[in-house]
Amino acid sequence: MDINNKTRIHWACRRGMRELDIAIMPFFENDYDSLPDTDKQVFIRLLACEDPQLYRWLMNQAIPEEADMARMIKMIQKKNAERSALA
């Protein structure tokens with residue numbers, strides 16, 4: 001998927017689990033544009049993962065083996081926590 005095709009990326013962010021939508025969509029809507037291209041590529045690779053795996057990672061039940069994916073999960077969690085603290 002092209003890192004600049006925001007329509008397709010937005011669609012890929014819509015998941016089958018509400019918990020994932022709550023975690024992924026705000027990050028995409030608020031933070032994706034400011035990411036460097038390398039991080040955008042990691043985010044897109046993350047979206048290709050299965051929902052149960054994403055859920056385990058985002059809920060701290062497992063850690064991705066790939067360092068870039070683990071870093072992206074932590075970034076999503078941190079940004080979402082910062083937004084929650086401001087609300």
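Scoring rules and cut-offs
Residues numbered from 1 in each chain as written. Predicted model: local features only at pLDDT ≥ 70, side-chain atom pairs only at ≥ 80, totals over all residues. Heavy atoms only, no water. UniProt positions renumbered as here; feature names shortened; annotations may be inferred. Helix = DSSP H or I, 4+ residues; strand = E, 2+ residues; numbered from the N terminus. Buried < 20%, exposed > 50% of the residue type's maximum accessible area, 1.4 Å probe, protein only. Contact = heavy atoms within 4.5 Å. Salt bridge = Lys/Arg side-chain N within 4 Å of Asp/Glu carboxyl O. Phe/Tyr/Trp six-rings, centres within 6.5 Å; stacked < 30°, edge-to-face > 60°.

- Going by what an unreviewed UniProt entry lists, the chain is known as FAD assembly factor SdhE and is assigned to Limnobaculum parvum.
- Listed under Sequence similarities (unreviewed entry) in UniProt, the entry text for the chain is "Belongs to the SdhE FAD assembly factor family."

Points about the side chain of D39
Right, on to step 1. Among the structural elements, D39 can be located in helix α3 (residues 37-47).
Right, on to step 2. Residue classification places D39 among the buried residues on the basis of a relative accessible area of 9%.
Right, on to step 3. Excluding anything up to four places from it in sequence, D39 contacts R71, M72 and M75.

Digging into the pattern of salt bridges
Right, on to step 1. In total, this model carries 7 salt bridges according to the counting rule given.
Right, on to step 2. The salt bridge partner of R71 is D39, with a shortest N-O separation of 2.7 Å. Of this pair, R71 sits in helix α5 (residues 67-86) while D39 sits in helix α3, placing them 32 residues apart in sequence.
Right, on to step 3. One connected set of salt bridges, linked through shared partners, spans D39, D68 and R71.

Topic: the packing of aromatic side chains
Right, on to step 1. With the rule as written, the count across this model stands at 4 aromatic pairs.
Right, on to step 2. Taking 5.4 Å as the distance between ring centres and 45° as the angle between the ring planes, the aromatic pair formed by F27 and F43 counts as tilted. Here F27 is found in helix α2 (residues 18-31), whereas its partner F43 is found in helix α3, with 16 residues between them in sequence. Neither residue differs from the other here; F27 and F43 are each classed as buried.
Right, on to step 3. Considering the side-chain rings of F28 and Y32, the 5.3 Å spacing of their centres and the 45° angle between planes classify their relative orientation as tilted.

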